[in-house]
Amino acid sequence: MTISNKIACLYIDLKFNRWMRYFSVFTRVALAAGFLPSGYVKIAGERFTSLPNNQPMGHYLEALFHTGYYYTFIGIAQMTAAVLLLIPRTVVLGALLYFPIILNICILSFSVRFEGSLISSPLMVLANLFLLCWNYDKLRFVFPFSPPAIIEKVERDRPVSNKFPIGFFTGALTTVIVLVAIITNAYEVMPRNSLSDCKLQCSKSLNPGACQIFCESIHLKGQPLNTSLDKYEKALQKGRNKLNP
């Protein structure tokens, strides 16, 4: 049996597993719950957060708030994707609409180091990818390659298995733990949401003075993240030069 057929058999086994079906429903509801409140706020014309403007994400969201109907359009897109996910017949369309939105949020969170969605957004991207893979039997028609013939032969009245998929959930849990561990240790300094919160991390920094310079550059002087990081790196280098003249 070829590798593609083995993968197809695994996919079919998962599709006809009761626990996996429960998980797919949970994933749909969880993703919809993530977009419904934020989408409604935008449609209502309200600010999404109360972050200060000097904070990198706060600066972005304040500018976004003043984009007029584009801000409303994003809210409509989020709520539309969420509602489509909740309707069984439109799950695929909802997942396709949801993916570019959440991927954009994920990349934005990393680029401005926003801890509010630094962990949740990549997990939501993975959940969205799971739904797309779960609905491969519907999406396969848009791909330029032919799917394994075995998928075409699966009968709709195949009995549903009640066996708990230990392998899948173990792999999923391991992925989440590894992802969280990597993200939480990815950056030496973070802007955080306020000056006091930002300075709390300085006690654990190798150079508390450089960390405080970074925090003050962000929250007191309102300078961009890259500029503040440059100041942080220069302060670190200055500290190294003093230790190694």
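Let me sum up the structure you'll find in this document. (Residues numbered from 1 in each chain as written. Predicted model: local features only at pLDDT ≥ 70, side-chain atom pairs only at ≥ 80, totals over all residues. Heavy atoms only, no water.)

The next thing to look at is the state of the cysteines. Note: disulfide means a covalent bond formed between the sulfur atoms of two cysteine side chains. Using the criterion set out here, one finds 2 disulfides in the structure. Two residues share a disulfide in this structure: C198 and C215, whose sulfurs sit 2.1 Å from each other. On the sign convention where negative means left-handed, the S-S torsion of about -80° between C198 and C215 marks this disulfide as left-handed. Here C198 is found in helix α10 (residues 195-200), whereas its partner C215 is found in helix α11 (residues 208-219), with 17 residues between them in sequence. Under the relative-accessibility criterion, C198 is labelled buried at 0%. The buried category is assigned to C215, whose relative accessible area is 0%. Disulfide pairing places C202 opposite C211 at an S-S distance of 2.2 Å. (Disulfide = S-S within 2.5 Å. Helix = DSSP H or I, 4+ residues; strand = E, 2+ residues; numbered from the N terminus. Buried < 20%, exposed > 50% of the residue type's maximum accessible area, 1.4 Å probe, protein only.)

What follows is about the environment of K138. With respect to the helices, strands and loops of the structure, K138 is situated in helix α7 (residues 136-139). Its relative accessible area of 46% is what places K138 among the partly exposed residues. C-alpha of K138 to C-alpha of C106: the two residues are 32 residues apart in sequence and 26 Å apart in space.

Here the focus is the pattern of salt bridges. Tallying each qualifying case throughout the model produces 4 salt bridges. Measuring nitrogen to oxygen at the nearest pair gives 3.0 Å for the salt bridge that ties R47 to E62. Highlighted residues: R47 in the loop between α2 (18-43) and α3 (56-65) and E62 in helix α3, separated in sequence by 15 residues. Of the charged contacts in the structure, one is a salt bridge between R192 and E115, with a shortest N-O distance of 3.2 Å. (Salt bridge = Lys/Arg side-chain N within 4 Å of Asp/Glu carboxyl O.)

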